[in-house]
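Inside the fold
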Amino acid sequence: MRLDKYLCEAGLGTRSQVKKLLKSGVVTINGRTARKPEEKIEKSDTVAVSGKELSVSEQEYWMLHKPSGYVSATEDKHFPTVIELLPEEARRDLFPVGRLDRDTEGLLLLTNDGKLAHYLLSPKRHVDKVYYAKVRGKVAEEQVEAFREGVDIGDEKKTLPAVLEVLKCVPAGDAFESEVRVTLREGRYHQIKRMFAALACEVVYLKRLSMGSLKLDESLAPGDCRLLTEKETEALKEETGCLSM
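Procedures and definitions
- Residues numbered from 1 in each chain as written.
- Predicted model: local features only at pLDDT ≥ 70, side-chain atom pairs only at ≥ 80, totals over all residues.
- Heavy atoms only, no water.
- Helix = DSSP H or I, 4+ residues; strand = E, 2+ residues; numbered from the N terminus.
- Buried < 20%, exposed > 50% of the residue type's maximum accessible area, 1.4 Å probe, protein only.
- Contact = heavy atoms within 4.5 Å.
- Pairing = 2+ DSSP bridges.
- Arc of directions from axis to C-beta.

Let's talk about the side chain of threonine 183
Mapped onto the secondary structure, threonine 183 falls in strand S10 (residues 175-184). Judged by relative accessible area, which is 14%, threonine 183 ranks as buried. Those residues in contact with threonine 183 that sit more than four places away from it in its chain are Asp128, Lys129, Val130, Ala162 and Val163.

See below:
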């Protein structure tokens, strides 16, 4: 790996900032001063800045409590992205696993582990995704049954069976609002909103609570993130089969 790329992934700034750092003479490789951005380093090399040894993980896993207003992408011309919410020390090659709509909140996993991302999103593996939603009006048993059987949302196939649980129904102005929990085993475009719309209901708030074994850390405020624990990472890999591959 090039030295400047390594320093960027260690969270020391952009390429231009890293070049200035190298020119200052504070970067060393195995004890000798290194100034060339293009210099190659090996896994066995010890890289230090001002005497402090660096360590760069090959793979990182971040849990983000996505707030409304951000798009689940690495870059966008019109709206802020979830990548902008990561701290400076995060790797530069992270990407969101799947997408949450811009106005949807909740759990979002960001990683550079392409294999795990593929397994989590694969329709064949049916990883459960749980959401909390507020729906305009009263959600009745007929909607619960429709979710259980699969809903025609205009795609080639009906949705896979999903679990719809009504948590409560409360007055909202001159009407009612239902609070529900939805468990999906797939992830089609705007799926929950489209499923309710097909049943003449409107989703007014949506938040993802979990993806497989990974549950949103409720101590994280919207916009906050943290690295996954080793236990959380291993659980995800085990349930998707990545540990055995």
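Topic: the pairing of strand S11 (residues 202-211)
Every other side chain in a regular strand lies on the same face of the sheet, so the side chains alternate between the two faces. Pairing geometry for strand S7 (residues 105-111) and S11, over two bridges, is parallel. What sits directly across from glutamate 105, in S11, is lysine 207. Bridge count for S11 against strand S12 (residues 214-215) is two bridges, and the pairing is antiparallel. When the bridges of S12 are listed, methionine 211 appears paired with leucine 214. In sequence, S11 turns back onto S12 through a hairpin of two residues, with glycine 212 there showing a positive phi of about 60°.

Considerations on helix H5 (residues 191-198)
Within H5, the full set of buried residues consists of Gln191, Ile192, Met195 and Phe196. One side of H5 carries all its buried residues, which in axial view fall inside an arc of 125°. Residue alanine 200 follows H5 closely and has a positive phi angle near 65°.

So, to be careful, I would describe these as geometric facts and stop short of saying anything about function.
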